[in-house]
Structures are given as C-alpha cells and as structure tokens.
Amino acid sequence: MSDVCLLKFFYRKQIRYPLIFLNLYMLSKKTKYGLKALSFLAKQKPNSPVLISDISESENISRKFLESILLTLKKNGFLASKKGKGGGYYLLKNPAEVSVSSIIRVLEGPIAMLPCVSLNYYERCDDCTNEDDCSLKILMAEVRDSTLKILENKTLDDFSDDQ
C-alpha cells in the first residue's frame, strides 16, 4: 500500500477512527479529561458525590466540557449522580475493577489503529485484496496487542495511585 493510499484511508476514516489521523494515537482532550476526572473521583470516599465544580477546579477542566464527559461516563455505567444538596457524581464500581481500556473505548472509540485489526469495531479495509497476507495488518495487530496488554491490565485504581 502506497503512502498516498494510506493517507487517503486515514482521511476517509478520520471521523470514525479519530485516533489514526495524523496525531497517530494521541488521546483526545475528552479522553484525557475523562481519565483525570475519574482519577479524581477514585481518590474520594466511596459513594460520596462530588460536585462538578470541585472536579473542574481541581483538574483544571472547563465545567461545560466536563459536564458532557461525565454524562457520557454516566450513560455507560461508570458513574452515578445524586441531585440536590450533597449531590454530585460518584463512581459506581470499585476503581480496581475498571480497566483503563474500557474507559478509553467509551470516550475515544477503537484502540486499534486500523479498523481491520479492531477487536470491538472490526471493519474490512476497502482497498485490501488479501487481508490474511497484509503486512500492515500484521504490524498493526502487534501494536494493538502491545497497547491492550498495558491498558487492559491497568485499572483506574492503579492509574489513580500514580497521580
């Protein structure tokens, strides 16, 4: 596959696979801030709601952007919220049970750099004639496996302890 074909492929998949276009596997701000917010919540007393403003101020994240991120995490079962006095967001699960890979998948999408090597978002490449012999697929599968080995074996608890 030529460099031009690769760039065309990356450009076509930019919206669907945001990790692969030019910033080759750089996390978005949404994911970075989501990880920071979850890390902050993991350090709090279990089931104790924390105000968005407290997280926003502590982690230097725009309140409006943080609201959107926390809502996504709530919809995907990472967080719960309590309304009213003493309300806020709190973790639903023990931080030791939440893998970093699961957080990234919810906020970012596929971890694989190509759709043909994605375990959860597989899609055949349009320009591939023989997927079994594709050297790029073999290389990217190795990259995916190495990345997953780290991200699946790191939990929110491990990540929060490092902060």
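Residues numbered from 1 in each chain as written. Predicted model: local features only at pLDDT ≥ 70, side-chain atom pairs only at ≥ 80, totals over all residues. Heavy atoms only, no water.

A separate point is the overall build of the protein chain. From N to C terminus, the protein chain includes seven helices and two strands. In the protein chain, the succession of helices and strands from N to C terminus is α-α-α-α-β-β-α-α-α. Intrachain contacts of the protein chain at a sequence separation of at least 6 include 61% that bridge at least 24 residues. For the protein chain, the exposed area adds up to about 9700 Å²; of that, 52% sits on carbon and sulfur atoms. (Helix = DSSP H or I, 4+ residues; strand = E, 2+ residues; numbered from the N terminus. Contact = heavy atoms within 4.5 Å. Areas by Shrake-Rupley, 256 points an atom, 1.4 Å probe, with all protein chains shown as cover.)

Turning to helix α6 (residues 135-151), a few remarks are in order. End to end, α6 covers 24 Å across 17 residues, agreeing with the expected 24 Å (1.5 Å per residue, within 8%). Tucked inside the fold, the buried residues of α6 contact α5 (100-107). (Expected span 1.5 Å × (residues − 1).)

Turning to the confidence of the model for the protein chain, a few remarks are in order. For the protein chain, the mean per-residue pLDDT works out to 83, and 83% of the residues sit at or above 70. In the model of the protein chain, helix α1 (residues 3-12) stands out as the element of lowest mean pLDDT, 41, in contrast to helix α4 (residues 63-75), which has the highest, 97. Residue range residues 1-24 is modelled with pLDDT below 50. Its contacts to residues more than four positions away, or to other chains, number 35 contacts. (pLDDT = per-residue confidence, 0-100.)

On the secondary structure map, K36 appears in helix α2 (residues 29-42). According to the relative accessible area criterion, K36 is partly exposed, its value standing at 24%. K36 sits 123 residues away from F159 along the chain, and the two C-alpha atoms are 9.4 Å apart. If sequence neighbours within four positions are ignored, K36 has contacts with E59 and I61. (Buried < 20%, exposed > 50% of the residue type's maximum accessible area, 1.4 Å probe, protein only.)

The next point concerns the state of the cysteines. Taken as a whole and judged by the stated rule, the model has zero disulfides. The thiol sulfur of C116 is not disulfide-bonded, and the nearest other cysteine sulfur, from C125, lies at 3.6 Å. With no disulfide of its own, C134 has C128 as its nearest cysteine by sulfur position, at a separation of 4.4 Å. Taking the relative accessible area as the measure of exposure, C134 reaches 18% and is therefore buried. (Disulfide = S-S within 2.5 Å.)

One pass over the full model with this rule turns up five salt bridges. As a salt-bridge pair, E67 and R63 come within 3.2 Å of each other at their nearest N and O atoms. With a gap of four residues between them, E67 and R63 both fall in helix α4, about one helical turn apart. A relative accessible area of 29% means that E67 is categorised as partly exposed. The partly exposed category is assigned to R63, whose relative accessible area is 44%. Through salt bridges with shared partners, one network takes in R124, E131 and K137. (Salt bridge = Lys/Arg side-chain N within 4 Å of Asp/Glu carboxyl O.)

Of the volumes computed, that of the largest pocket is approximately 170 Å³. Lining the largest pocket are 15 residues, and of these Q44, P46, N47, L91 and P95 lie nearest its centre. Sorting the residues of the lining of the largest pocket by element identifies α2 and β2 (88-91) as the ones contributing at least two each. Ranked by the residues each element gives to the lining of the largest pocket, the list is headed by β2, at three residues. The residue inventory of the lining of the largest pocket, partitioned by class, reads nine nonpolar, four polar and two charged. (1 Å grid on protein atoms, 1.4 Å probe; cavity = no way out; pocket = protein on both sides within 12 Å on 5 of 7 lines; lining within 4 Å. Points joined across faces, edges and corners; volume = space filled by probe spheres on them. Nonpolar A, V, L, I, M, F, W, Y, C, P; charged D, E, K, R; others polar.)

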